[in-house]
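Chain and residue survey
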Amino acid sequence: MNSATDTARTAQVTAVSSNGVYSFTKPTREHITLHAGLGVEGDVHAGVTVKHRSRVAQDPTRPNLRQVHLIHQELFDEVGEAGFKVEPGQLGENVTTAGIDLLGLPTGALLHLGDEAVVEVTGLRNPCLQIDNFQHGLLKRLVSRDAEGQVIRKGGIMGVVHQGGTIRPGDTITVTLPPEPHTPLDCV
């Protein structure tokens with residue numbers, strides 16, 4: 001996608017998921033509600049400060065830059081070609097998308113999901129060993145190296161809720177890019 005207009009025609013939410021308890025996977029829902037500055041209503045990772053267990057152990061007062069986890073449906077298709085079966089919510093994401101290059105977005109991009117919700121992109125998800133517990137060998141498909149030896153992470157992106165709203169499968173996604181120069185995504 002080269003422009004927000006191109007994205008508006010083709011990008012959409014394909015599934016939404018949440019879970020009120022710590023679990024690797026999240027059940028899909030008919031809709032989820034996002035709350036500004038907090039995250040997904042009823043999700044264990046919602047909050048102003050970090051909620052992921054490893055980050056809480058390091059410093060529970062740090063800001064939560066991982067309120068919403070988004071993964072592109074195209075990743076499931078890619079790993080499916082290698083024999084893995086992954087459905088929406090199974091990698092712990094809140095929003096599954098189609099038709100948008102999530103990994104190519106810059107830090108600070110705003111994702112307009114449906115009519116109201118806006119999520120500000122904060123960075124990449126750093127896939128962890130739990131992925132191999134889910135399906136052995138899958139982690140190697142989500143973390144690899146390019147020809148120059150740089151690590152490539154495909155486990156989705158993270159964001160914070162800039163503006164609340166309810167989102168559903170089928171909702172459109174549009175992007176507002178931050179001013180240039182753009183900062184590439186890094187792990188958060």
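Since the structure is predicted, the reported quantities are computational estimates derived from the model, not experimental observations.

**Regarding the pairing of strand 7 (residues 110-113)**
Two strands pair when backbone bridges link them, and strand 7 and strand 8 (residues 117-124) are joined in this way by four bridges, in the antiparallel orientation. If you follow His112 over to strand 8, its bridge partner there is Val118. Turn length for the strand 7-strand 8 hairpin, with the two strands adjacent in sequence and antiparallel, is three residues, and the turn residue Gly114 shows positive phi of about 70 degrees. In this structure, strand 7 lies alongside strand 13 (residues 173-176), joined through four bridges in antiparallel fashion. Residue pairing in the sheet places Leu110 in a bridge with Thr176 of strand 13.

**Some details on the confidence of the model for the protein**
Here the protein averages 93 in pLDDT, and 95% of its residues register 70 or above. In the model, residues 1-8 has pLDDT below 50 throughout and makes 12 contacts with residues more than four positions away in sequence or in other chains.

**Points about the state of the cysteines**
Going through the model one piece at a time under the given rule, you end up with zero disulfides. There is no disulfide at Cys128, and the cysteine sulfur nearest it, in Cys187, is 11 Å away. Cys128 sits in the partly exposed class, given a relative accessible area of 32%. Assessed through its relative accessible area of 28%, Cys187 is described here as partly exposed.

**Structural notes on the pattern of salt bridges**
Overall, the coordinates contain three salt bridges when judged by the stated rule. Two residues, Lys26 and Asp43, come together in a salt bridge whose shortest N-O distance is 2.8 Å. Residue Lys26 is located in the loop between strand 1 (12-17) and strand 2 (28-29), and its partner Asp43 is located in the loop between strand 4 (39-40) and helix 2 (53-58); the two are separated by 17 residues in the primary sequence. Summarising the burial analysis for this pair, Lys26 and Asp43 share the class buried. With its nearest N and O atoms 2.6 Å apart, the salt bridge here joins Glu87 to Lys85.

**A few points about a negative patch on the surface**
Taken together, the side chains of Glu74, Asp77, Glu81 and Asp101 present a region of like negative charge at the surface. As for its position among the elements, Glu74 is in helix 3 (residues 73-81).

**Side note on the packing of aromatic side chains**
Given two aromatic rings, their pairing is described by the distance between the two centres and the angle made by the two planes. Taken as a whole and judged by the stated rule, the model has one aromatic pair. Consider the rings of Phe24 and Phe134, whose centres lie 5.8 Å apart with planes at 40 degrees: the pair is tilted. Taken together, the residues span a long stretch of sequence, with Phe24 in the loop between strand 1 and strand 2 and Phe134 in helix 4 (residues 130-134) at a distance of 110 residues. Owing to a relative accessible area of 24%, Phe134 belongs among the partly exposed residues under this scheme. Positioned above the aromatic ring of Tyr22, the side-chain terminus of Arg53 is 4.1 Å from the ring centre.

**Considerations on the environment of Gly37**
Counting through the fold element by element, Gly37 comes out in the loop between strand 3 (32-35) and strand 4. Using a relative accessible area of 33% as the deciding quantity, one classes Gly37 as partly exposed. C-alpha of Gly37 to C-alpha of His162: the two residues are 125 residues apart in sequence and 6.4 Å apart in space.

**Observations concerning the sheet that holds strand 12 (residues 165-167)**
Ordered in space as 4-3-12, the three strands form an open sheet in which the pairing is antiparallel. The sheet terminates laterally at strand 4 and strand 12, the two strands that pair on one side only. In this sheet, strand 12 lies alongside strand 3 in antiparallel orientation, the contact comprising three bridges. Looking across to strand 12, one finds that Leu34 is bridged to Gly165.

Cut-offs used in this document
- Residues numbered from 1 in each chain as written.
- Predicted model: local features only at pLDDT ≥ 70, side-chain atom pairs only at ≥ 80, totals over all residues.
- Heavy atoms only, no water.
- Pairing = 2+ DSSP bridges.
- Helix = DSSP H or I, 4+ residues; strand = E, 2+ residues; numbered from the N terminus.
- pLDDT = per-residue confidence, 0-100.
- Contact = heavy atoms within 4.5 Å.
- Disulfide = S-S within 2.5 Å.
- Buried < 20%, exposed > 50% of the residue type's maximum accessible area, 1.4 Å probe, protein only.
- Salt bridge = Lys/Arg side-chain N within 4 Å of Asp/Glu carboxyl O.
- Patch = residues over 30% accessible without salt bridge, like charges linked within 9 Å, V, L, I, M, F, W, Y side chains within 5 Å.
- Areas by Shrake-Rupley, 256 points an atom, 1.4 Å probe, with all protein chains shown as cover.
- Lys, Arg positive; Asp, Glu negative; His and termini not counted.
- Charge placed at Lys NZ, Arg CZ, Asp CG, Glu CD.
- Phe/Tyr/Trp six-rings, centres within 6.5 Å; stacked < 30°, edge-to-face > 60°.
- Lys NZ or Arg CZ within 6 Å of the ring centre and 35° of its normal.

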